[in-house]
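Each chain, written out:
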Amino acid sequence: QVQLVESGGGLVQPGGSLRLSCAASGSIFSINAMGWYRQAPGKQRELVAAITSSGSTNYADSVKGRFTISRDNAKNTVYLQMNSLKPEDTAVYYCNAGIRVRFWESEYDYWGQGTQVTVSA
């Protein structure tokens, strides 16, 4: 059974920083792309940043220059460094990964349980 466990959320003042982590565990053959999504109250879930297994990255325009996604393939972990946080970054942040459990099986999307990030004075 595969699990994605997030950590690192919390309350921070505008202009502050947080680092989110998401570790994948369980029976894993390979992990393709990993990413972070967020969902604010009353809004749809949106992509924040994604990273491929080779390290190519993609960011939402709203976070470019402020957020950095990275991964440690040896630890099956993805990180999101968030700097210069704004109140509009407040949301529940979800980790996502494309995981193949066995080499002969298809890749499936897995999601973490979400971690709250609140940016407020």
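Note: the structure precedes this text.
Residues numbered from 1 in each chain as written. Predicted model: local features only at pLDDT ≥ 70, side-chain atom pairs only at ≥ 80, totals over all residues. Heavy atoms only, no water.

Novice: Describe the sheet that holds strand S3 (residues 18-25), with residues and values.
Specialist: With antiparallel pairing, the four strands of this open sheet are ordered in space as S1-S3-S8-S7. The open sheet has two edge strands, strand S1 (3-7) and strand S7 (67-72), and neither has a second partner. Each neighbouring strand pair of the sheet contributes to a mean axis angle of 15 degrees, computed without reference to strand direction. By the bridge criterion, six bridges tie S7 to strand S8 (residues 77-82) in an arrangement that is antiparallel. Note on S8: the bridge partner recorded for serine 70 is tyrosine 79. (Pairing = 2+ DSSP bridges. Helix = DSSP H or I, 4+ residues; strand = E, 2+ residues; numbered from the N terminus. Axes fitted to C-alpha atoms, helices over the stretch in contact; angles between N-to-C directions.)

Novice: Let's hear about the pairing of strand S11 (residues 115-119): which residues, and what values?
Specialist: Along any regular strand, the residues point their side chains to alternate faces of the sheet. Here S11 shows a clear split, with Thr115, Val117 and Val119 buried on one side and none of Gln116 and Thr118 buried on the other. Relative to S11, strand S2 (residues 10-12) is paired through three bridges, and the arrangement is parallel. Looking across to S11, one finds that glycine 10 is bridged to valine 117. Where strand S9 (residues 91-100) meets S11, three bridges bridge the pair, whose relative direction is antiparallel. In the sheet register, valine 92 faces S11, and the bridge partner there is glutamine 116. (Buried < 20%, exposed > 50% of the residue type's maximum accessible area, 1.4 Å probe, protein only.)

Novice: Run through the packing of aromatic side chains, naming residues and quoting values.
Specialist: For the structure on display, the rule yields three aromatic pairs. Geometrically, the ring pair formed by phenylalanine 29 and phenylalanine 103 is tilted, given 6.1 Å between the ring centres and 50 degrees between the ring planes. Of this pair, phenylalanine 29 sits in the loop between S3 and strand S4 (30-39) while phenylalanine 103 sits in the loop between S9 and strand S10 (108-111), and the two are 74 residues apart along the sequence. In this structure phenylalanine 29 comes out as partly exposed when scored by relative accessible area, which is 48%. Exposure remark for phenylalanine 103: the relative accessible area of 55% places this residue in the exposed category. Aromatic pair phenylalanine 103 and tryptophan 104: ring centres 5.1 Å apart, planes at 85 degrees, arrangement edge-to-face. Each member of the aromatic cluster is reached from another via a ring pair, and the members are Phe29, Phe103 and Trp104. Of note, arginine 45 hangs over the ring of tryptophan 111, and the distance from its end group to the ring centre comes to 4.8 Å. (Phe/Tyr/Trp six-rings, centres within 6.5 Å; stacked < 30°, edge-to-face > 60°. Lys NZ or Arg CZ within 6 Å of the ring centre and 35° of its normal.)

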